[in-house]
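An overview of the molecular structure
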Number of protein chains: 2
Amino acid sequence: MATSTAPESKADAEALIPLFHLEKILNQDQSGRRITLLGSISRRPALLILERAAFTSSATSIPPLLQRITSLANLGANDIYRWYMSSLSPAAPPLPNASEPSPESTDLKLNLIYPCTPKHLAKYTRQRLRHVTETPEIYATHLRPWIARQRAAGRLDWIFNILDGRTEQEDVVLRSSWDTDDGFLLLPDLNWDRKTVSALHLLALVQRRDIWSLRDLRKRHVPWLRRLREQVVRGAGAAAGSEGVSEGVQEDELKCYVHYQPTYYHFHVHVVHVMLEAEGGTQNVGKAWELGGLIATLEGMQNDEDGLDGVEVSYVVGEESDLWKGLWGPLKQGETPTLNQAA
Amino acid sequence: MATSTAPESKADAEALIPLFHLEKILNQDQSGRRITLLGSISRRPALLILERAAFTSSATSIPPLLQRITSLANLGANDIYRWYMSSLSPAAPPLPNASEPSPESTDLKLNLIYPCTPKHLAKYTRQRLRHVTETPEIYATHLRPWIARQRAAGRLDWIFNILDGRTEQEDVVLRSSWDTDDGFLLLPDLNWDRKTVSALHLLALVQRRDIWSLRDLRKRHVPWLRRLREQVVRGAGAAAGSEGVSEGVQEDELKCYVHYQPTYYHFHVHVVHVMLEAEGGTQNVGKAWELGGLIATLEGMQNDEDGLDGVEVSYVVGEESDLWKGLWGPLKQGETPTLNQAA
């Protein structure tokens, strides 16, 4: 207690929780797994913060955890992929399976891949990450030819199909300034549920095909980038409305960034709500570059043709990636990179 | 099943889970709240991914959740602050309190602040975030005088006490190049447990006092910044060892970034393990600037005295912050900022 008399015993502290009377939810964060409650205990205000705990990750702790799975409900299945929700029973005493879990007793989400292949194993095994610094020379000698080969091999055809209106047109939420230098379209990112405004995540694919990644941006692109940013933010605000998001989103609630390395080498800008809590470091330094920061870097350069192919760029790569295996791993070992040797 | 015969029923899918035989933990991420298991079902390989579910956040779902708290154990208390762990019982049937939870049945962490004050309320209530663009003019007119007043008012004395060796010396893991232009010291970040190598997070506080934030960096600082980055990364690798971290850390497993706005206006660099999953967007664009990116921006500039006080910097501010209330909020409303009016 605030007035310090006799120290509170553990039993005293534990006896307070059942007395908590809920008034209001103040916040929910950490991907919904922490919730902050305002309430009262004996008519005095109290804050209670509930947080899903991390799993104990020793091999011996897992079988007892699996035995606690109760009220298991299969939500769907597709070939070898199945997903479920369940409750947990206390460690002791063990319980028989109860009825279907209600939404408020969903403690676990489960995914089962069965039978699985070695490819699944490689994908789901924790890989070691490395922080590398790509010099202009390494980019020119290794990365640029590698990207050119990917483009020549048709690896971007699915993007061009979207741009040309052949596929995924039902997903395009906006085409802006089409058939001008400023042309771009907006698509929902796969991770957005298309309704939660505070998790809004759209991709702006530019129509022009001469920018493969941030490496191709030059000082002369600054006016274009400024217009693009302005139009992408305005378009995303409008698109949020057209997607049935009732609350709407204001332009100063959005931020823009690009990835390097990107998943595909056709210039695209991520536009997200500032409240979005991204999983997997997708907005982290070492992966994401804020668009305004790129513009500032370009603006400071001396000549119109100076660009981001002339600077060092540092980023994080996984040891299971083609880039690590074919380039960074060999370079670290003093060996010849093989990135551009394979067919 | 992979061989498509009759479609699998929900009951069939549910019957697979109890048959899962654990072989190996492949990964644990999302702050430990997702765990990926390799095992077998009927001697065929299977991947099972367990994930703590988000809370249902409707007001009606919370009281039933609170009633499911069982095996509550108080872990500690300090004045009005208490922390606990507990298990959850299934929604039905209700259970009497069982024994102390074992580590593998810790489902929830709880924090209770009781009695709490309006200040706690403001701190824990979800605040709206805004993305703002600070021009060189806004920095010079409003931010710089505001920072100068903070420094003059002694708000940085605690930092100078650490630098001068008066406080927190037991936490200093390294002093490097002391009493030269390159002097810096390394401290563990408060969020690091000081033993998990993949979550390593240190702060490098520079000894020089003329750099308040990234805004003070100029092209002529590039050689100093390059040396600083090199020494900080080398020092952090060594410090990880001296902190009793057995596995060690290699230099290409570390990345460096700075915050803008920072928590305090004395230049400091965050150095983190690339595997660290940061909570609260602390590595996100709009808050964090990768040190290499800053160096690249400075290098591209024309004159030695050109610097980051001459570019636009965009970042995220909360509406409860002094900066929003005193500067960005008024600017948005077309009113006169009050940031530098208060005493």
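Presented here is a report on the structure given in the accompanying data block. (Residues numbered from 1 in each chain as written. Chains lettered and ligands numbered in written order. Predicted model: local features only at pLDDT ≥ 70, side-chain atom pairs only at ≥ 80, totals over all residues. Heavy atoms only, no water.)

1. With respect to the overall build of chain A
In terms of helices and strands, chain A carries eight helices and 14 strands. Each principal axis of the C-alpha atoms in chain A carries an extent, and together these give about 75 × 45 × 45 Å. Among the 343 residues that make up chain A, the fraction classed as buried is 53%. In chain A, the proportion of contacts linking residues at least 24 apart, taken out of those at least 6 apart, comes to 56%. Surface accessibility of chain A: about 15,300 Å² in total, with carbon and sulfur atoms responsible for 51%. Taken as two groups, the 37 positive and 43 negative side-chain charges of chain A have centres that lie 3 Å from each other. (Helix = DSSP H or I, 4+ residues; strand = E, 2+ residues; numbered from the N terminus. Buried < 20%, exposed > 50% of the residue type's maximum accessible area, 1.4 Å probe, protein only. Contact = heavy atoms within 4.5 Å. Areas by Shrake-Rupley, 256 points an atom, 1.4 Å probe, with all protein chains shown as cover. Lys, Arg positive; Asp, Glu negative; His and termini not counted. Charge placed at Lys NZ, Arg CZ, Asp CG, Glu CD.)

2. A few points about the pairing of strand β9 (residues 184-188) of chain A
Residue and element names in this part refer to chain A. In terms of residue burial, β9 counts as a mostly covered element, since five of its five residues are buried. Relative to strand β10 (residues 201-206), β9 is paired through five bridges, and the arrangement is antiparallel. Looking across to β10, one finds that Leu185 is bridged to Leu205. (Pairing = 2+ DSSP bridges.)

3. Observations concerning a nonpolar patch on the surface
All names here are of chain A. Taken together, Leu75, Tyr81 and Trp83 make up a surface patch of nonpolar side chains, about 290 Å² in accessible area. Tracing the backbone through its elements, the reader meets Leu75 in strand β4 (residues 69-78). What makes Leu75 partly exposed here is its relative accessible area of 48%. (Patch = residues over 30% accessible without salt bridge, like charges linked within 9 Å, V, L, I, M, F, W, Y side chains within 5 Å. Salt bridge = Lys/Arg side-chain N within 4 Å of Asp/Glu carboxyl O.)

4. A closer look at the side chain of A:Thr36
Mapped onto the elements, A:Thr36 comes out in strand β2 (residues 34-41). Contacts of A:Thr36, omitting those with residues within four sequence positions, involve A:Lys24, A:Ile25, A:Leu26, A:Asn27, A:Leu47, A:Leu48, A:Ile49 and B:Tyr124.

5. Let's talk about the packing of aromatic side chains
Under the criterion given, the structure shown has 10 aromatic pairs over all chains. Relative to A:Trp328, the ring of A:Tyr315 has its centre 6.1 Å away and its plane inclined at 85°; by these criteria the two rings are edge-to-face. A residue pair is termed long-range when its members are at least 10 positions apart, and A:Tyr315 in strand β14 (residues 313-318) and A:Trp328 in helix α8 (residues 322-333) qualify at 13 residues. In this structure, A:Tyr315 and A:Trp328 share a single accessibility class: buried. Taken together, the ring pairs connect A:Tyr260, A:Tyr315 and A:Trp328 into an aromatic cluster. A cation over an aromatic ring shows up here: B:Arg175 above the ring of B:Trp178, its NZ or CZ 4.5 Å from the ring centre. Over the aromatic face of B:Trp224 sits the side chain of B:Arg208, whose NZ or CZ is 4.4 Å from the ring centroid. (Phe/Tyr/Trp six-rings, centres within 6.5 Å; stacked < 30°, edge-to-face > 60°. Lys NZ or Arg CZ within 6 Å of the ring centre and 35° of its normal.)

6. Description of the relation of the copies chain A and chain B
With an axial shift of 0.0 Å and an RMSD of 0.1 Å, the rotation relating chain A to chain B amounts to 180°. Those values place the two copies in the arrangement expected of a two-fold rotation axis. Both copies contact each other with a shared surface, as 100% of the interface residues of chain A are interface residues in chain B too. (Least-squares fit on C-alpha atoms with pLDDT ≥ 70 in both.)

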